[in-house]
Amino acid sequence: MKSYQKLTTAVLQPAACRVEEEGAAQMSAGRRKLAPWCVGSGLLVAAVLLSATTVWVLRQVSGGWPRPTLPPKCLLVPESHRFDCYPERHVVVTQELCESRGCCFIESLLPAGGKRGVPWCFYPPDFPSYTLDSLNQTALGMVGLLVRREKTYYPRDIEMLRLDVEFETDTRLHIKLTDAANPRYEVPLEVPRAMKRAENPIYTLDFSRDPFGVLLRRRATGTVLLNTTVAPLIFADQFLQIATSLPSRFLYGLGEHRGTLLHSLDWSTLTLWARDVSPTESFNLYGAHPFYLLMEEGGDAHGVFLLNSNAMEVALQPAPGLTWRTIGGVLDFYIFLGPDPNMVIQQYQQVIGFPAMPPLWALGFHLCRWGYGSSNETWQTVRAMRNYQIPQDAQWNDIDYMDGYRDFTFNPQKFASLPSLVEDLHKHGQYYVIILDPGISSTNPRGSYWPFDEGLKRGLFLNTTQGQPLIGQVWPGFTAFADFSNPDTHQWWLENLQHFHAHVPFDGLWIDMNEPSNFMDGSEDGCPPGELDSPPYTPAVLGDSLSAKTVCASAKQKASVHYNLHNLYGLMEAKATASALIQIRGKRPFVISRSTFPSQGRYSGHWLGDNRSQWKDMYYSIPGLLSFSLFGIPLVGADICGFSGSTSEELCTRWMQLGAFYPFARNHNTQNEKAQDPTVFSPAARTAMKNALLTRYSLLPFLYTLFHHAHLQGDTVARPLFFEFPWDVATLGLDRQFLWGRSLLVTPVLEPGVESVTGYVPRGVWYDFYTGSSVNSSGEMLKMSAPLEHLNLHVREGAILPTQKPGTTSEVTRGNPLRLIVALSSNATAWGDLFWDDGESLDTFERGNYSYLVFNVTQNIFTSTVLHASTEATEVTIGTLSIFGVREPPSKVLLNGQEKPFSYLDNQVLTVSDLGLSLSQGFSLRWL
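Just so you know, these numbers come straight off a predicted model, no measurement behind them. (Residues numbered from 1 in each chain as written. Predicted model: local features only at pLDDT ≥ 70, side-chain atom pairs only at ≥ 80, totals over all residues. Heavy atoms only, no water.)

1. Things to note about helix H7 (residues 418-427)
Among all positions of H7, only Leu418, Leu421, Val422, Asp424 and Leu425 are buried. For H7, the buried positions fall inside an angular range of 160 degrees around the axis, keeping them on one side. As for H7, its buried residues are in contact with helix H6 (375-387), strand E20 (394-397) and strand E21 (431-436). Directly after H7, the chain includes glycine 429, whose backbone phi takes a positive value near 70 degrees. (Buried < 20%, exposed > 50% of the residue type's maximum accessible area, 1.4 Å probe, protein only. Helix = DSSP H or I, 4+ residues; strand = E, 2+ residues; numbered from the N terminus. Arc of directions from axis to C-beta. Contact = heavy atoms within 4.5 Å.)

2. Some words on the packing of helix H13 (residues 649-659) against helix H14 (residues 683-698)
Orientation of H13 relative to H14, taken along the N-to-C sense of each, is 10 degrees, at an axis distance of 8 Å. On the basis of their axis angle, the class for H13 and H14 is roughly parallel. Taken together, the residues of H14 that come into contact with H13 (itself represented by Glu649, Cys652, Thr653, Met656, Gln657 and Gly659) are Ala685, Ala688, Met689, Ala692, Leu693 and Arg696. (Axes fitted to C-alpha atoms, helices over the stretch in contact; angles between N-to-C directions. Parallel < 35°, antiparallel > 145°, perpendicular 65-115°, else oblique.)

3. A look at the layout of surface pockets
By volume, the second largest pocket is sized at about 370 Å³. Leu706, His709, Arg742, Trp831 and Asp833 are the residues nearest the centre of the second largest pocket, which is lined by 21 residues in total. Classifying every residue of the lining of the second largest pocket by side-chain character gives 7 nonpolar, 9 polar and 5 charged. (1 Å grid on protein atoms, 1.4 Å probe; cavity = no way out; pocket = protein on both sides within 12 Å on 5 of 7 lines; lining within 4 Å. Points joined across faces, edges and corners; volume = space filled by probe spheres on them. Nonpolar A, V, L, I, M, F, W, Y, C, P; charged D, E, K, R; others polar.)

4. Digging into the pattern of salt bridges
Counted by the stated rule, this structure contains 37 salt bridges. Between aspartate 276 and arginine 594 there is a salt bridge, with its nearest N and O atoms 3.3 Å apart. With aspartate 276 in the loop between strand E13 (268-272) and strand E14 (289-295) and arginine 594 in the loop between strand E26 (591-593) and strand E27 (605-607), this residue pair connects regions lying 318 residues apart in the sequence. For arginine 594, a relative accessible area of 1% gives the class buried. The partner of arginine 458 in a salt bridge is glutamate 454, and the shortest N-O contact between them spans 2.9 Å. With arginine 458 and glutamate 454 both in helix H8 (residues 450-458) and 4 residues apart, this pair spans about one turn of that helix. Judged by relative accessible area, which is 30%, arginine 458 ranks as partly exposed. Through salt bridges with shared partners, a single ionic network connects Asp276, Asp512, Glu515, Arg594 and Asp610. (Salt bridge = Lys/Arg side-chain N within 4 Å of Asp/Glu carboxyl O.)

5. A few points about the state of the cysteines
Enumeration over the complete set of coordinates arrives at 5 disulfides. Through a disulfide, cysteine 85 is tied to cysteine 103; the S-S separation comes to 2.1 Å. Here the disulfide of cysteine 85 and cysteine 103 is right-handed, its torsion about the S-S bond being about 75 degrees. Pair noted here: cysteine 85 is in the loop between helix H3 (72-75) and helix H4 (95-100) and cysteine 103 is in the loop between H4 and strand E1 (104-105), with a separation of 18 residues, a long-range link. As far as the burial class goes, cysteine 85 and cysteine 103 line up, both buried. Note on cysteine connectivity: cysteine 98 is disulfide-linked to cysteine 121, with sulfurs 2.2 Å apart. Looking down the S-S bond of the cysteine 98 and cysteine 121 bridge, the torsion is 90 degrees, so its handedness is right-handed. Here cysteine 98 is found in helix H4, whereas its partner cysteine 121 is found in strand E2 (residues 121-122), with 23 residues between them in sequence. The residues cysteine 98 and cysteine 121 share a single accessibility class, namely buried. Free cysteine: cysteine 368, not disulfide-bonded; nearest cysteine sulfur from cysteine 641 at 13 Å. (Disulfide = S-S within 2.5 Å.)

Function cannot be inferred from these measures alone, as they are strictly geometric.
See the structure below:
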C-alpha cells in the first residue's frame, strides 16, 4: 500500500525510505539523503496518531461518528491536511459521490458566509498516484519516467510521464512533467536555456519513488520548501493537479486578484483566467500570474513559477499547503531560491525577461476621463491644468474620441480639433495617449472600414470551429477579434496604427478590453458542444464557464485553440503594440495594458482596472501595485480618485497624494460623473494635489534610476517593506505603506476624517523627507501628523536621493538644477546613484548613451564619481546638497578644496547651495 509522508503509520514504512534499496541503481547519489526524512516522517506519524486518537475519543464521548464504518486511514488525516478530492463547484458532495472516487468522506462544520472550509471529501493516504519507474543522470540534471498503474476519475489519464530536472543555476531549479509519448501544448514563451549544470546549488533535491514525490530543501537551513507527496499527482488530458506542503503561511503573488498582499491560507482558492470585471474580492480578474513568493521562518525567501497558460486555480489550506490545478498544457515549474525576496524576484525575471525602460514622460502625471465629450473639452482641461501650473505630462482620451467606437477612427464632429490639440500638447512638451480595443467592428458596409476588410481578407481574426470569424459584441456593436498569435496580425496592426498616426500623432497606446472582453458569452451563436467549451473540470471562474463574457474556448487561433491561449491574449497584443510604436516613433514605446501574463513587463505597464471612488479601493491599490512589482511589471498604478462613482474632495486629495507615488500615476474617471481632475476642486484641495505632484516631479531622477535598475536586473520599484526587512516579522503583513526602492517610505492616509496616520517604521534612523528631522525607531508603529495637505514621506538612513527642482512637465524638470539629499546613517555613511540619459531613445544603456554616477559619504566627505558619461549630463547642474543627520555644527565646508558658504539648522541639516557643478564631472565636498 502506498503511503503519503504526512500520513504514514507505525506499521507502514514510507515508500520513499525504501527507495535506496529498491532502486539504488537508477537513483542519483542524492537519494541517499532521505534517511533523515524518514525520522521526521516518524515524528509526524506520532503527532498524527496522537491527534487522531484525541479526536476519536472526543467524538465517541459526544455521540460518536455519524458513520461508524469510516476506515481508520481516513481518521488519521488532520483537518488542515485534508486535500480536496472533489473540488467541483455547485455539486452537493455526498458520501456516495466521494467514495466513487476512492476518497474519504467526513462531514465537518461549514464556515459562515458561504465560504469553502475543510473539504468533506479528501484523499486517503493510499490513493493511487504515479511511481518513479526510472531516474537517470543527464548533463544538466536528471530525466525520469513516471508510471500510473491505476486510472483516476478524470478522462484520458496519461499513464506515462517524462520527468525532466535541470539544475540551471545555483539558485534556480527547473522541474518539468510532460506526456512521455505525445506532444502537448506548451506556452510559447522564450525562456533561457541552461548550458551547464549548477556547480554549487543552495538546494538539495530528493524524490519519493512510490508514490512519486519531489522533496526540495534549502541546503543552509534544511527547510523543506516543496514536498509533493502530501496528495496524489494527477495528470489527465484536461485535469492536471499537484499539491505541496509549504514551510510557512507567508505567501504572496498568484495574480490577478483584489485582496491583501499577504494571502490567507484559510481554505481560499485563487482562480487564474483573464476576465473583464470591476476589481472585486475573490473574483478572477484581468490577468494571470502563476507565481508565488513565500517567506520562510528566519527571513529567507523562495519563489515558484508554473509556466502554464491554461485556466487554473490554486487552492490554499492551513496545513500550510497549496494545490495547483490546471486544465491543460504541462506542469513546468521553475523554483527560485533567493535567498532574500529581492533576489527571488530578480531570478524570476531572469526567466520571464526584465521590464522595458520606460520613457521619462511615462513617469509624469497622466490625466484622462471617459466623457470629455469633445476634443475642445479635453483641451480646456489641459489649459486649466497649465493655468494653475499643475504638473502634467500626458493627456489621454477614452473611447469617446472614436467614430462609432471603431478603432483607428476619430469622431469628425466632436473631435474635429483633435489633431490641433495633439500639436499643442507637443509644443508644450506634453504627450497624447489613446485607447484601443482588440474587437474590430464587423458590420460596416464592405469597403468602408479598412481594418475589418483587410483583416478578413488576410485571415487575421479568431475563427469558430467552422472556420468563420467568431463574432462577439463590444463597444462598436458586433465585432471580430484580432488574432495576435499570428505574426501577420502584428503587421496589419502596425499598418492600421501608421494610417491613424498620420492624422493624429499619438505618443502612447492604452490597450483595454484585451482579456478579451465580450458583452456576450462566447459569440453571437453561443459556443459549440465539446470538451473545450465544456471541459470535464472547470476551475472556479466567475460565471462558471470559460466563455463567460469572453470568446469561446474552442475558437481557433494561429498558434493553438483559445482554450490554451486565452490568458496570453493581452501579452500578445502588448507585444504587437510595443513593436508598432517603435516602428512608428523610433523611440521607447509607452503601452498600458489591462490584461497581463508573465513577461508582460517587457512590453507594457498595467493599470489595476475599473476601480470605484471609495476609500477601500484606494487601500486595495497598494497590495495591487506591490503584487505587480513581484510579477515583473513595475510600471503600475490604479485610477487615482477612482474610476466609477463620484469621488469626494477629501478622498480625491488623499488619493492624489498616494497616487503621486504610484510608479504609473494617472487620474481617470468614468462618464456621467463629476470631474475629478485637480483643477475642479477648492483652492486648498487643488494646492494639496499640486504639491503632491510637485514632490513626485522633484523625485523623478530617483524614480527614473529605480526603473533603470528594474530594467537592468529586475529590481522592484514600489517595494513591500518586508523586502528590505525580511527578518522583521512585523513587516510581513504590511500593505498600507510601501517603499520606493530601498530608501523612501510612503505612509498615506487611507481613511476619512483624520488628521494623523499610524504607520510602521522599521528599526533604524529615518528622516522626514521635507524637513530632514530624524526619527530613531526600534521597529514600531508610530503616529504621524497628517493634515489634509500633508503626505508622510521618510528617507532611510544611509541613502542618497537625487532630486530636482520640479517643473510642470518632465521636460522642464529635467533642465532644472539637481538637489542631492543625503541621509546619514548612524555611523555617518551614505550611498546613492543616478542614471541619466535623454529620456526617450531606444536602448541607451545597451548603446552606451547614458551617464551613471555614484554618490558616497564617509568620514564627512561627500564624493560624486562619474562611472560613465554622455553629452546629456553636461547640460545639467548640481545646485544643492542637503545632508541630514550632521550631528555637530561644521566650522567650514570645502568644495574640491575651496571654502563654500553653508547653512546648518538645529535639526542637524547641513545645506550647501549654489554649487553650479556640471553633472558630468566628479567632485568632493568636505565638512569640518
